[in-house]
Amino acid sequence: MKKALLLLTLSLGSLAPAWADLALATAKNCMSCHAVERKVLGPSFKDVAAKYRDSKGAADALAQKIMKGGAGVWGAVPMPANTQVSEAEARKLALWVLATP
Ligand code: HEC
């Protein structure tokens, strides 16, 4: 029984990597200021994806901003630095945000 559950979890995980990244974003506290579909304190990830989808180097720029924070792009409210996120995690989150349909 336990083994079956584990297998189910593993196969679901590989079928839906987007869920895994949502889980990472939730674990890293991103979702307390962001949502995928609507603005919260920060912009929705859908809006972020639409803004940068076609711009070169966006993943790197967003990964830096996720780690260091910043202000002035979406409004007056700044995003504080997210020091709980490693560089690899920031890149993974940036790519996930950019892939929002
Ligand atoms: C305390 C609230 C808060 C938290 C926590 C937070 N953000 Fe933000 N985020 C914001 C705000 C506010 C902005 C808009 C900043 C601006 O206008 O430049 C923003 C902007 C962004 C942007 C767009 C940056 C740009 O230059 O267009 C991305 C991508 C982003 N956040 C991802 C994340 C991720 C990933 C996390 C989790 C590691 C996270 N945020 C955590 C508030 C937050």
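These remarks concern the structure in this document. Keep in mind the model is a prediction, meaning the values are calculated, not measured.

1. Re the overall build of the protein
Working step 1: Helix and strand counts for the protein stand at five helices and zero strands.
Working step 2: In the protein, the succession of α and β elements from N to C terminus is α-α-α-α-α.
Working step 3: In the protein, buried positions account for 17% of the 101 residues.
Working step 4: The long-range fraction of contacts in the protein, counting pairs at least 24 apart against all pairs at least 6 apart in sequence, stands at 54%.

2. Side note on the site of the ligand
Working step 1: Looking at the ligand, there are 28 residues lining it, with Cys-30, Cys-33, Gly-42, Trp-74 and Met-79 nearest.
Working step 2: Of all the elements in the fold, those that place two or more residues in the shell around the ligand are helix 4 (58-68) and helix 5 (87-98).
Working step 3: Of the residues that constitute the shell around the ligand, the class distribution is 18 nonpolar, eight polar and two charged.

3. Digging into the packing of helix 4 against helix 5
Working step 1: At a closest axis distance of 8 Å, the pairing of helix 4 and helix 5 adopts a crossing angle of 120°. The angle between helix 4 and helix 5 places the two elements in the oblique class. Handedness of the crossing formed by helix 4 with helix 5: right-handed. Contacts from Ala-58, Ala-59, Leu-62, Ala-63, Ile-66 and Met-67 of helix 4 reach helix 5 at Glu-87, Ala-90, Arg-91, Leu-93, Ala-94, Leu-95, Val-97 and Leu-98.
Working step 2: In terms of residue class, the contact of helix 4 with helix 5 is built from twelve nonpolar, no polar and two charged.

4. Concerning the nonpolar core
Working step 1: In this structure, Leu-62, Ala-63, Ile-66, Ala-90, Leu-93, Ala-94 and Val-97 are the most contacted members of the largest nonpolar core, which totals 15 residues.
Working step 2: Looking at this core, the elements that each hand over two or more residues are helix 3 (45-52), helix 4 and helix 5.
Working step 3: Setting aside residues up to four positions removed in sequence, Ala-90 forms contacts with Ala-63, Ile-66, Met-67 and Val-85.

5. Description of unusual backbone geometry
Working step 1: Unusually for a residue other than glycine, Asn-29 sits at a positive phi of about 75°.
Working step 2: Among the secondary structure elements, Asn-29 is positioned in the loop between helix 2 (17-27) and helix 3.
Working step 3: Take Asn-29: there are 12 C-beta atoms within 10 Å of it, and that puts it in the exposed class.

Reading the values: rules and limits
- Residues numbered from 1 in each chain as written.
- Predicted model: local features only at pLDDT ≥ 70, side-chain atom pairs only at ≥ 80, totals over all residues.
- Helix = DSSP H or I, 4+ residues; strand = E, 2+ residues; numbered from the N terminus.
- Buried ≥ 20, exposed ≤ 12 C-beta atoms within 10 Å, placed from the backbone.
- Contact = placed C-beta atoms within 7 Å.
- Near = placed C-beta within 6 Å.
- Nonpolar A, V, L, I, M, F, W, Y, C, P; charged D, E, K, R; others polar.
- Axes fitted to C-alpha atoms, helices over the stretch in contact; angles between N-to-C directions.
- Parallel < 35°, antiparallel > 145°, perpendicular 65-115°, else oblique.
- Left-handed = near helix turned anticlockwise from the far one by under 90°.
- Core = buried A, V, L, I, M, F, W, Y, C linked by C-beta atoms within 7 Å.

Nothing here speaks to function; it is geometry throughout.
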